[in-house]
Amino acid sequence: RSLGRIGDSRGIPPLVGLLANPADSVVRTAAVALWEIHQQRFEGVDNVEMQSPARWMPAEPEVFAGRLIQACRGADRHEQVAMCHVLGWFGAGEAIATLLGFLKFEGDIAQAARAALARLGGSIQAELMALLRNGDSARRGLVLPLVGHAPARSEVELCLTDPDSSVCAAACSALARLGDPSAVPALFGLLGTAGAQVSQAAVNAILTLGSRE
């Protein structure tokens with residue numbers, strides 16, 4: 001904890017080593033300290049959570065990520081927020097799956113998980129696409145704001161028929177972000193058949209994308 005308060009990046013390598021410690025409390029404390037150092041390093045910078053960590057050299061990333069995930073059980077909210085950000089630095093498959101699970105939490109924990117996933121960007125597209133294709137309304141609603149690459153258009157269009165109107169509206173916004181005008185016909189299909197929230201979102205997306213239609 002003292003290393004975290006000091007904020008010196010030279011403390012990062014020994015703290016990273018503690019992420020494999022057999023004591024869960026030590027792993028959680030090390031993760032909090034790592035996140036505190038990161039925050040101090042980028043103090044005053046916008047989107048601190050999107051910045052690359054300094055001196056981040058974990059040996060056997062999958063092993064370290066697995067140990068960090070195990071230690072999440074019993075962590076308090078402050079610790080869970082820090083652990084979400086550190087898990088995002090790994091970018092390992094199991095870490096990504098855990099972060100996707102944290103999206104169902106409320107408040108700062110979900111925000112931390114969403115920020116960590118957003119930083120990973122295109123490297124998690126396969127996992128996001130699977131959730132859009134096969135996830136329930138709750139999962140789709142959490143994942144849609146993370147979509148930002150054109151290959152996702154067909155999966156996002158599947159969400160236009162979701163029974164939850166808020167998910168349909170989020171899908172419209174996601175299609176607008178993707179910038180592919182070929183999605184416009186699907187958006188036109190919502191007009192006159194969906195409720196006001198979805199229809200307005202569809203109109204906004206159509207105006208954003210533009211097309212001959």
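For the structure itself, look to the data block above.
The paragraphs below set out a description of the structure included in this document. On a predicted model such as this, the values are computed, not experimentally measured, just so you know.

So, the side chain of Arg67
Phase 1 of the analysis: Looking at the element boundaries, Arg67 is found in helix 4 (residues 61–71).
Phase 2 of the analysis: Polar side-chain contacts of Arg67 include one of 2.9 Å to the backbone oxygen of Pro22.
Phase 3 of the analysis: Look past the residues within four positions of Arg67 in its chain and what remains in contact with it is Leu19, Ala20, Asn21, Pro22, Ala23, Asp24 and Val27.

Comments concerning unusual backbone geometry
Phase 1 of the analysis: Although it is not a glycine, Asn47 adopts a positive phi angle of roughly 55 degrees.
Phase 2 of the analysis: In this structure, Asn47 sits in the loop between helix 3 (24–41) and helix 4.
Phase 3 of the analysis: According to the relative accessible area criterion, Asn47 is partly exposed, its value standing at 48%.

Considerations on the nonpolar core
Phase 1 of the analysis: Core analysis: the largest hydrophobic core is formed by 75 residues, its most contacted members being Leu19, Leu34, Leu68, Val86, Phe90, Val156 and Leu187.
Phase 2 of the analysis: Beyond its immediate stretch of four places on either side in the chain, Leu187 contacts Leu160, Cys172, Leu175, Ala202, Ala205, Ile206 and Leu209.

Comments concerning the packing of helix 3 against helix 4
Phase 1 of the analysis: Relative orientation of the contacting elements helix 3 and helix 4 amounts to 105 degrees, with a least axis distance of 9 Å. Here helix 4 runs roughly perpendicular to helix 3, going by the angle between their axes. Between helix 3, through Asp24, Val27, Arg28 and Ala31, and helix 4, the contact on the second element is made entirely by Arg67, Leu68, Gln70 and Ala71.
Phase 2 of the analysis: Tallied by class, residues from the contact of helix 3 with helix 4 come to 4 nonpolar, 1 polar and 3 charged.

Some details on the packing of aromatic side chains
Phase 1 of the analysis: Using the criterion set out here, one finds 2 aromatic pairs in the structure.
Phase 2 of the analysis: An angle of 50 degrees between the planes, with centres 6.4 Å apart, marks the rings of Trp35 and Trp89 as tilted. Residue Trp35 is located in helix 3, and its partner Trp89 is located in helix 5 (residues 77–90); the two are separated by 54 residues in the primary sequence. No difference in accessibility class separates Trp35 from Trp89, as the two residues are buried.
Phase 3 of the analysis: With 5.3 Å between their ring centres and 50 degrees between their planes, Phe102 and Phe105 make a pair best called tilted.
Phase 4 of the analysis: A residue is classified by how much of its surface remains accessible, and Phe105, at 34% relative accessible area, is partly exposed.

Rules used throughout
- Residues numbered from 1 in each chain as written.
- Predicted model: local features only at pLDDT ≥ 70, side-chain atom pairs only at ≥ 80, totals over all residues.
- Heavy atoms only, no water.
- Helix = DSSP H or I, 4+ residues; strand = E, 2+ residues; numbered from the N terminus.
- Polar contact = N/O pair within 3.5 Å; in protein donor to acceptor, adjacent residues only side chain to side chain.
- Contact = heavy atoms within 4.5 Å.
- Buried < 20%, exposed > 50% of the residue type's maximum accessible area, 1.4 Å probe, protein only.
- Core = buried A, V, L, I, M, F, W, Y, C linked by side-chain atoms within 4.5 Å.
- Axes fitted to C-alpha atoms, helices over the stretch in contact; angles between N-to-C directions.
- Parallel < 35°, antiparallel > 145°, perpendicular 65-115°, else oblique.
- Nonpolar A, V, L, I, M, F, W, Y, C, P; charged D, E, K, R; others polar.
- Phe/Tyr/Trp six-rings, centres within 6.5 Å; stacked < 30°, edge-to-face > 60°.

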